[in-house]
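Here's the letter readout for the chains.
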Amino acid sequence: MAVIHQTYVKPTKLELLTSWLPSRPWYRGGAGEPELTKAGGFRLDDPEGEVGIEFIIVTDASDTTYFVPLTYRGVPLDGADHALIGTTEHGVLGRRWVYDGCHDPVMVAQLLALIEGRAEPQAQSITDTPDREVTHTRPDTAPLTPTSAPADTDDTTDLPLADATLHIHRVLRPASPEDPTGHVSGPWDAPDGTRVRGTFVTITAP
């Protein structure tokens with residue numbers, strides 16, 4: 001169970017993302033750093049209790065909403081310099097290395113466990129509280145096994161699986177899940193203050 005500490009983080013997550021998002025191929029903004037607002041998200045627990053896993057949703061000044069899986073580690077992740085978003089000082093845990101979670105094997109394993117029904121989504125800011133608004137389906141009973149590294153596209157980060165592909169949707173749009181093969185969906189706060197739902201993750205067959 002992840003413990004949510006009520007303390008400072010410097011620089012903040014939004015400050016780290018402000019510098020990092022424009023470097024992504026799926027970023028929709030123009031030149032300069034975006035003005036970001038937190039719009040929602042959820043967490044997953046690391047069974048070993050070592051890695052923080054958070055799925056944060058942010059909206060920029062153009063009302064584009066992004067889905068960003070993050071992992072927080074107490075030491076650098078070997079071989080993941082390309083996925084490092086930055087480092088931050090946590091008031092309780094000290095220095096934390098913040099990674100694009102799509103390239104962190106702990107996040108990938110727990111996301112697949114969520115889709116398979118072996119993990120439970122947790123509230124973003126409350127300790128030991130399931131997030132009942134995040135829903136998921138799985139394509140079948142076959143294990144979901146990664147076969148190679150993820151890659152970014154203009155809209156998604158795609159992770160090849162045995163006999164399927166996991167698509168992590170980076171740009172969110174309000175909509176009902178359309179893909180029957182498997183998905184993760186949930187709510188976030190729209191720029192106009194309404195609560196909307198959309199799809200975070202889909203699985204498609206070859």
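The structure we're discussing is the one just above.
Attention here is on the structure that accompanies the text. Each chain carries its own residue numbering, running from 1 in the direction its sequence is written. Local features in this predicted model are restricted to residues of pLDDT 70 or higher, and side-chain atom pairs are both shown and tallied only at a pLDDT of 80 or more, whereas totals for entire chains, interfaces and linings draw on every residue. Computation of side-chain values: all heavy atoms of the structure, hydrogens and water removed.

**As for the overall build of the chain**
Thought 1: Strands are runs of DSSP state E lasting at least two residues, helices are runs of H or I lasting at least four, and both sets are numbered from the N terminus onward. When its secondary structure is counted, the chain shows 2 helices and 13 strands.
Thought 2: Its C-alpha radius of gyration of 16 Å places the chain within 12% of the 17 Å reference for a compact globule of 206 residues.
Thought 3: Taken along its principal axes, the extent of the C-alpha atoms in the chain is 45 × 40 × 35 Å.
Thought 4: When contacts within the chain are restricted to residue pairs at least 6 apart in sequence, long-range pairs at least 24 apart make up 55% of them.
Thought 5: For the accessible areas, the method is Shrake-Rupley and the probe is 1.4 Å, while residue cover comes only from the protein chains on display. When the accessible surface of the chain is summed, it comes to about 9,900 Å², and 52% of that surface belongs to carbon and sulfur atoms. Between the two quantities, the radius of gyration covers C-alpha atoms and the globule rule is 2.2 Å times the number of residues to the power 0.38. Contacts are residue-level and defined by heavy atoms, with any inter-residue pair within 4.5 Å sufficient.

**Quick notes on the packing of aromatic side chains**
Thought 1: In summary, the pairing rule links any two rings of Phe, Tyr or Trp, Trp by its six-membered ring, whose centres are within 6.5 Å, and it sorts them by plane angle into stacked for under 30 degrees, edge-to-face for over 60 and tilted for everything else. Under the definition given, this model contains 8 aromatic pairs.
Thought 2: Between the aromatic rings of Trp26 and Tyr66, the centroid separation amounts to 6.0 Å while the plane-to-plane angle is 45 degrees, which identifies the pairing as tilted. Taken as a pair, Trp26 in the loop between helix 1 (13-20) and strand 2 (37-44) and Tyr66 in strand 4 (residues 65-73) lie far apart in primary sequence, 40 residues in all.
Thought 3: An aromatic cluster is present here, built from Phe42, Phe55, Phe67, Trp188 and Phe200 joined pairwise through their rings.

**Section: the nonpolar core**
Thought 1: By nonpolar core we mean a set of buried residues, namely Ala, Val, Leu, Ile, Met, Phe, Trp, Tyr and Cys, connected to one another through side-chain atoms within 4.5 Å. To sort residues, take the accessible area from a 1.4 Å probe on protein chains only and compare it with the maximum for the residue type: under 20% means buried, over 50% means exposed, and anything in between is partly exposed. Counting residues in hydrophobic clusters, the biggest one holds 32 residues, and the most contacted among them are Phe67, Leu111, Leu166, Phe200 and Val201.
Thought 2: When contributions to this core are tallied by element, the ones reaching two or more residues are strand 2, strand 3 (52-59), helix 2 (105-115), strand 9 (156-161), strand 10 (164-169), strand 12 (183-189) and strand 13 (195-204).
Thought 3: In terms of residue count, the dominant contributor to this core is helix 2 (7 residues).
Thought 4: In contact with Val201, not counting residues within four places along its chain, are Phe67, Leu111, Ile115, Leu166, His167, Ile168, His169, Gly182, His183 and Val184.
Thought 5: Among the nonpolar cores identified, the runner-up in size contains 16 residues, and Leu16, Leu17, Trp26 and Val98 belong to it.

**Considerations on the environment of Asp128**
Thought 1: Structurally, Asp128 can be placed in the loop between helix 2 and strand 7 (135-137).
Thought 2: Residue Asp128 is classed as exposed on the basis of its relative accessible area, which comes to 52%.
Thought 3: Distance from Asp128 to Asp45, taken between C-alpha atoms, is 9.6 Å for residues 83 residues apart in sequence.

**Observations regarding the side chain of Thr88**
Thought 1: By secondary structure assignment, the location of Thr88 is in strand 5 (residues 84-90).
Thought 2: With a relative accessible area of 6%, Thr88 lands in the buried category.
Thought 3: From its side chain, Thr88 meets the backbone oxygen of Lys10 in a polar contact 3.1 Å long.
Thought 4: Counting of polar contacts relies on pairs of N or O atoms within 3.5 Å, with two restrictions inside protein: one atom must be capable of donating a hydrogen and the other of accepting it, and residues adjacent in sequence are counted only when both atoms are side-chain atoms. Among the polar contacts made by the side chain of Thr88, one reaches the main-chain carbonyl oxygen of Pro11 at a distance of 2.6 Å.

**What to know about unusual backbone geometry**
Thought 1: The phi torsion at Asp63 lies on the positive side, around 70 degrees, for a residue other than glycine.
Thought 2: With respect to the helices and strands, the residue Asp63 is situated in the loop between strand 3 and strand 4.
Thought 3: Residues other than glycine seldom take positive phi values, yet Asp163 does so here, at roughly 70 degrees.
Thought 4: The exposure class assigned to Asp163 is exposed, which follows from its relative accessible area of 65%.

**Some thoughts on the side chain of Asp100**
Thought 1: Locating Asp100 in the fold gives a position in strand 6 (residues 94-100).
Thought 2: A distance of 3.0 Å separates the side chain of Asp100 from the side chain of Arg170, its partner in a polar contact.
Thought 3: The residues touching Asp100, leaving out its near neighbours within four places in the chain, are Trp20, Pro69, Ala83, Ile85 and Arg170.

**Some words on the pattern of salt bridges**
Pairing between side chains of opposite charge can happen when their charged atoms approach one another.
Thought 1: In the sections that follow, a salt bridge refers to a side-chain nitrogen of Lys or Arg positioned within 4 Å of a carboxyl oxygen of Asp or Glu. Scanning all chains against the criterion turns up 12 salt bridges.
Thought 2: Among the salt bridges present, the one from Asp100 reaches Arg170, with a minimum N-O distance of 3.0 Å. Placement of the pair is Asp100 in strand 6 and Arg170 in the loop between strand 10 and strand 11 (171-172), with a sequence separation of 70 residues. By the burial criterion, Asp100 is buried, and Arg170 matches it.
Thought 3: Here Arg195 ties to Glu133 by a salt bridge, and the two come within 3.1 Å at their closest N and O atoms.

**Considering the pairing of strand 4**
Thought 1: Of all 9 residues in strand 4, 9 are buried, a share of seventy percent or more.
Thought 2: Alternating residues of strand 4 divide into Thr65, Phe67, Pro69, Thr71 and Arg73 and Tyr66, Val68, Leu70 and Tyr72, and every residue in both groups is buried.
Thought 3: Note: two strands are recorded as paired if DSSP finds a minimum of 2 bridges between them. Following strand 3, the chain reverses through 5 residues before pairing antiparallel with strand 4; Asp63 in that reversal takes a positive phi of roughly 70 degrees.
Thought 4: Two strands pair when backbone bridges link them, and strand 4 and strand 11 are joined in this way by 2 bridges, in the antiparallel orientation. Bridging across to strand 11, Tyr66 finds its partner in Val171.
Thought 5: In the sheet, strand 4 pairs with strand 6 via 4 bridges, with the strands oriented antiparallel. Across the sheet, the residue bridging to Tyr72 is Val98, located in strand 6.

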